[in-house]
Amino acid sequence: MKNSLQLSPLWMVVIFAASVFALASFAGCWYYRQSELKALNQQEQDLRSDIEQLDTWGKWTIDYVKVDKALAYLSKNKLSENTRRKLTEQIWMISRTYSIDPLLILAVVAQESHGNPNARGRMRSGAESGAMGLMQIKLETAQMMAKHFGLRVDSEADLMRPEVNVAVGTAYLIRLMGKYGSYKEALIAYNLGHSAVDRKLSRGEALPTRYYEHVISKYRKLARESFSNF
């Protein structure tokens, strides 16, 4: 006698329907879980981005305070509080835009004018060299650089304004950095003149480093002052 299990058509329909329901439920749970994981992943990425942005803002704030402290130390009573604040914001923005250390700009100011916005350069003979202001820029150089930044430098009076002097002086320094690809040669060229540096390099002659060493020394001193009380 042969036994066999036979299901009625009705039971076959019920089993098939149950299987389809189970599969649909599994697919629904899987899709919901995937959506949930995707949402959690997005939240994590957003949180990480927010933290990174806060870190960036924190660094910018610290940099601003350092510039302000270093400029206050350097200028002492040579700049009004309003002018110093404007210069702080200007140097801070330049450093962010062109990825240049703001204390290096101030180190050049320290070497060139000791923070005196009314400084006028003199040659060894005692005659005026034509270099003026905080970064000791000559009018011809200032006018050349001003064209690239939409500034107007029509006269010596314009160049003696601290914010204009620093803008064109820093622009010139950044241009020299781009030309030579190093802080050292750029700083030497800032003092000696790029034509003189080019001649020496083409002849294989050693560059004088005294000016560069003085600037770096002042940079370190300003860094110590700006980091104090942090």
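Here the structure is shown first, and the text comes after it.
Keep in mind the model is a prediction, meaning the values are calculated, not measured.

Moving on, we come to the packing of aromatic side chains. What the rule picks out here adds up to two aromatic pairs. Judged by centre distance (5.7 Å) and plane angle (85 degrees), the rings of Tyr64 and Trp92 are edge-to-face. You can see Tyr64 sitting in helix α1 (residues 9-75) and its partner Trp92 sitting in helix α2 (residues 81-98), a full 28 residues away along the chain. A ring pair is formed by Tyr172 and Tyr190, whose centres lie 5.7 Å apart and whose planes are at 45 degrees; its orientation type is tilted. Remark: Tyr190 occurs in helix α7 (residues 183-192) and Tyr172 occurs in helix α6 (residues 162-180); sequence separation between them is 18 residues. Across the pair, Tyr190 and Tyr172 agree in class, each one buried. Lying across the ring of Trp92, Arg96 places its NZ or CZ 5.0 Å from the centre.

This brings us to α6. In this model, α6 (19 residues) spans 27 Å end to end at C-alpha, consistent with the 27 Å of a helix rising 1.5 Å per residue. Most of α6 sits out of view: 14 of its 19 residues are buried. Following α6 by one or two positions, Gly181 adopts a phi angle in the positive range, close to 75 degrees.

Of the volumes computed, that of the largest pocket is approximately 900 Å³. Forming the walls of the largest pocket are 27 residues, and the residues nearest its centre are Glu112, Tyr190, Asn191, Leu192 and Tyr211. Residue assignment for the lining of the largest pocket shows that the elements contributing at least two residues are α3 (102-113), β1 (120-122), β2 (128-132), β3 (137-138), α7 and α9 (210-227). Per element, the largest residue contribution to the lining of the largest pocket is five residues, and it comes from α7. Classifying every residue of the lining of the largest pocket by side-chain character gives 12 nonpolar, 10 polar and five charged.

All right, on to the environment of Leu106 then. Structurally, Leu106 is set in helix α3. For Leu106, a relative accessible area of 1% gives the class buried. With 64 residues separating them in the primary sequence, Leu106 and Thr170 have C-alpha atoms 9.8 Å apart. Setting aside its immediate chain neighbours within four residues, Leu106 contacts Val67, Ala70, Leu71, Leu74, Ile91 and Leu222.

To continue, consider the environment of Val67. Tracing the chain through its elements places Val67 in helix α1. Val67 gets classed as buried once you look at its relative accessible area, which sits at 1%. As a C-alpha pair, Val67 and Ile105 span 38 residues in sequence and 9.9 Å in three-dimensional space. What Val67 contacts, discounting residues up to four positions off in sequence, is Thr88, Ile91, Pro102 and Leu106.

Reading guide: rules and limits
Residues numbered from 1 in each chain as written. Predicted model: local features only at pLDDT ≥ 70, side-chain atom pairs only at ≥ 80, totals over all residues. Heavy atoms only, no water. Phe/Tyr/Trp six-rings, centres within 6.5 Å; stacked < 30°, edge-to-face > 60°. Helix = DSSP H or I, 4+ residues; strand = E, 2+ residues; numbered from the N terminus. Buried < 20%, exposed > 50% of the residue type's maximum accessible area, 1.4 Å probe, protein only. Lys NZ or Arg CZ within 6 Å of the ring centre and 35° of its normal. Expected span 1.5 Å × (residues − 1). 1 Å grid on protein atoms, 1.4 Å probe; cavity = no way out; pocket = protein on both sides within 12 Å on 5 of 7 lines; lining within 4 Å. Points joined across faces, edges and corners; volume = space filled by probe spheres on them. Nonpolar A, V, L, I, M, F, W, Y, C, P; charged D, E, K, R; others polar. Contact = heavy atoms within 4.5 Å.

Worth remembering: the numbers are spatial, not functional.
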